[in-house]
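Spelled out from the first residue to the last, the chains are:
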Amino acid sequence: MNSIDTSRFGKLDYRDEDIIKFPKGIPGFEDKTNWVVTGEADEDIKWLQSIDEGTLALAVSHPRCIDPEYNISVARHDLEAIDSNSLETVGILAVLTIPADAPWEARANLRAPILVNSEARLGRQVIALDEKYPVQAHIFNEEVRAKLKEESLVKNAGEK
Amino acid sequence: MLVLSRKPGESLIIGDGIKVTVVEVKGDSIKIGIEAPKDVPVWRKELVDEVSTQNLEASSSPLLKGDILKKLRGGSHGQ
């Protein structure tokens, strides 16, 4: 068992076979090639934790948690890069951006999902061929955003 | 960077099987045609940059407590 000190999860234990290798890193973090998925099994939000840098983690979620109709196609070479020949057999994760001071504005990158071949332990962020999916899709619809924002304002006012 | 002058209708060949053609020049906008093998991805650079930028922003997301997650699970989705 290996372990790494992380900023979000404290000391995180992992086995070698838990590591997902991103041969090209992740855009923005091209030199970080080793990651593990962590988080509670029953939670919709998981974390992709870098094991090259304890402070680096990305919140991820299955895109269908955000858009139940989510259905993409990707370039063949993107699948080949993770030793796969079909999207059916790979895991798909959307990177989430959650502003600490305004979580209701959370967005998901539905255009460029992370593909994981869990058997080969290979991952890659790809750009879907479907132009309709935004890089920054709101997770919450307008109504829910307004409600969450109001709740937060009321809560903060109550604490003062 | 290699810089070449081309006129509308003229093309460039890059490597094996990539052909870039200047289709039309109109004011400050240039229409470019690209013929490339299916396995060569062609993206607007802004899109590629946006993915990096979004990842960098995403890396400062805080750990969330249950509340938000429940709402996410409730299927309160929207574009």
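For the structure itself, consult the block above.
Residues numbered from 1 in each chain as written. Chains lettered and ligands numbered in written order. Predicted model: local features only at pLDDT ≥ 70, side-chain atom pairs only at ≥ 80, totals over all residues. Heavy atoms only, no water.

1. Topic: the pattern of salt bridges
All names here are of chain A. Put simply, the rule is: Whenever Lys or Arg places a side-chain nitrogen within 4 Å of a carboxyl oxygen from Asp or Glu, that contact is recorded as a salt bridge. In this scheme, a residue with accessible area under 20% of its type's maximum is buried, one over 50% is exposed, and one in between is partly exposed, where area comes from a 1.4 Å probe on protein chains only.
Scanning the model with the defined rule gives 11 salt bridges over all chains in all. In this structure, the salt-bridge partner of Asp18 is Arg15, at a minimum N-O distance of 2.9 Å. Using a relative accessible area of 21% as the deciding quantity, one classes Asp18 as partly exposed. One continuous salt-bridge network, built from bridges that share partners, spans Arg15, Glu17 and Asp18.

2. Examining unusual backbone geometry
All names here are of chain A. Let me state the cut-off plainly: Segments assigned H or I by DSSP are reported as helices when at least four residues long, segments assigned E as strands when at least two residues long, and all are numbered from the N terminus.
The backbone of Asp83 shows a phi angle near 60°, a positive value even though the residue is not glycine. The exposed category is assigned to Asp83, whose relative accessible area is 59%. Although it is not a glycine, Arg121 adopts a positive phi angle of roughly 60°. Along the chain, Arg121 turns up in the loop between strand E9 (114-117) and strand E10 (122-125). For Arg121, a relative accessible area of 26% puts it in the partly exposed group.

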